[in-house]
Amino acid sequence: MKSNQILKLLMVTLMALAGCEKANVDVDTTIVQGSAIGEVSGVWTKGSTQVIKGDIVIPEGKTLTIEEGVTVLMDTLAKPEIIVKGNLYALGTADNPIKFTVNEFYKTAQKKFGKLWGGILAGPTCEELVLDHAVIEYAGSTTSDASTSVKMGLYKAVAGENLPALWFANAKGKLVVQNSIFRNLQEDCTYIEGGKIIFANNVFYTTGVTGGEAMNFKSGCLADVAYNLIYSTNTNALKLSNTGDKTPQAYIIAYNNTMVNTGWRRPTAKGGSVWLESTVRADLYNNLFANTRFGIKRDPKKPEDSRSAYSNNWYYGYDQLTVNQFQPGTNDVIGRKNDVISTVAGANDPKFVNYPVNTAVGNADFNTSWDFHLQGNSPALGKGITNFNRHHSAGIVMKNGITYTSPAPATFVGAYGTKI
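Described in the following lines is the structure provided in the data block. (Residues numbered from 1 in each chain as written. Predicted model: local features only at pLDDT ≥ 70, side-chain atom pairs only at ≥ 80, totals over all residues. Heavy atoms only, no water.)

Structurally, a disulfide amounts to a covalent bond that connects the sulfur atoms of two cysteines. Counted under the stated rule, the structure contains zero disulfides. Between Cys126, a cysteine without a disulfide, and Cys221, which holds the nearest cysteine sulfur, the sulfur-to-sulfur distance is 13 Å. Of the residues examined, Cys126 reaches a relative accessible area of 0% and is grouped as buried. Owing to a relative accessible area of 0%, Cys221 belongs among the buried residues under this scheme. (Disulfide = S-S within 2.5 Å. Buried < 20%, exposed > 50% of the residue type's maximum accessible area, 1.4 Å probe, protein only.)

What follows is the structure in structure tokens.
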């Protein structure tokens with residue numbers, strides 16, 4: 001065989017081998033940049049970019065730690081899913097958050113509701129998952145028969161479902177999501193089916209085309225939900241349900257959250273702010289509802305646990321239509337005597353530092369210059385209570401040695417007090 005023919009044969013063989021990419025096990029952390037497909041574990045090092053070319057799986061018993069400043073760049077053609085059967089710790093910082101994202105080229109107005117990659121899907125064998133100072137954006141693609149999640153029987157295990165950005169399904173597991181941003185998503189931001197859970201100091205906006213909640217909790221959840229800002233979710237800010245057969249009974253303690261313009265883009269019975277159903281137990285304190293559709297609303301056919309408690313929540317509506325529909329006793333809306341609910345449009349203005357309270361309730365676009373802190377003369381200051389229990393005041397201890405504690409409640413109402 002001539003030498004040039006041998007060379008050509010070698011080149012073809014190498015190309016063929018490259019096309020049969022093998023699962024990447026224990027990502028090589030000696031290289032700053034990397035790419036992944038298949039099984040992954042180990043460490044993605046600080047400041048690196050990891051290009052995700054196809055579905056990746058953290059195997060049961062293995063751990064992937066993502067250090068601060070890592071960009072996890074999802075291929076928009078492959079629309080990858082991140083399957084977590086082991087443990088995932090995404091540990092960003094305020095100055096160097098972790099980003100689960102797509103190439104800047106695809107971040108257009110036409111794609112503002114994402115659907116460009118799958119989501120982070122943690123199955124029943126995932127013991128621990130932490131998202132701290134992370135940005136999760138442009139997710140929510142639709143499953144097919146070829147989806148890894150469908151083949152593994154994860155999430156709803158059928159084709160044709162729009163994936164949540166985050167799914168967690170271990171009633172004995174531990175989930176902490178804090179200091180993070182969920183934005184530009186197709187449907188649910190999170191769908192949680194069990195675990196010891198903290199959701200704190202997060203922001204949710206520009207999510208949901210025809211449905212979707214910011215935080216959707218099912219049976220098996222013991223969750224503290226605090227200091228979150230939820231803006232214009234298509235459906236509810238919080239969907240609290242005991243649906244499913246998991247133990248323990250879902251018990252959600254939600255306090256000091258700010259909800260703005262939620263529920264108006266899905267004008268049906270469930271579209272609102274906080275939806276309660278199926279014997280869920282829910283304690284709701286110090287929450288601020290500004291121009292939301294409804295407030296705390298129950299399913300009369302499947303009501304919440306009678307031990308649920310509601311107190312010191314604050315309601316503001318800039319027009320009479322908004323004010324009328326969050327009155328307790330109307331359309332199964334729930335209220336208590338310590339709540340601040342006026343019957344007059346424009347009353348109880350919380351006096352945000354920088355947000356035009358007459359912004360159209362159907363607006364889904366978020367202006368990052370808005371500031372939902374309270375002005376020094378806000379009537380919502382000093383109207384919160386602190387004398388209630390929370391699930392995880394003693395902390396959730398993780399295997400990596402970090403303990404996460406649900407934040408203490410504040411005497412102001414909403415997610416933010418005055419600026420320091």
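On to the environment of Asn291. Here Asn291 is to be found in the loop between strand 26 (288–290) and strand 27 (296–298). With 14 residues separating them along the chain, Asn291 and Asp305 place their C-alpha atoms 27 Å apart. In contact with Asn291, other than residues within four places in its own chain, are Asn261, Trp264, Tyr316, Gly317, Tyr318, Thr322, Val357 and Val361. Within the structure, the side chain of Asn291 is placed 2.7 Å from the backbone oxygen of Val357, a separation counted as a polar contact. (Helix = DSSP H or I, 4+ residues; strand = E, 2+ residues; numbered from the N terminus. Contact = heavy atoms within 4.5 Å. Polar contact = N/O pair within 3.5 Å; in protein donor to acceptor, adjacent residues only side chain to side chain.)

For the rest of this paragraph, the subject is the sheet that holds strand 28 (residues 309–311). Judged by pairing direction, the sheet is parallel, and its 10 strands sit side by side in the order 2-4-7-10-13-16-19-22-25-28 without closing on themselves. If you trace the sheet from one side to the other, it starts and ends with strand 2 (42–44) and strand 28, each paired once. On average, each strand axis in the sheet is tilted by 10° relative to the strand beside it, whichever way the strands run. Here strand 16 (residues 195–200) pairs with strand 19 (residues 221–226) via six bridges, running parallel. Each residue of the ladder has a partner; that of Ala200, found in strand 19, is Ala226. (Pairing = 2+ DSSP bridges. Axes fitted to C-alpha atoms, helices over the stretch in contact; angles between N-to-C directions.)

That's the geometry; what it means functionally is another story.
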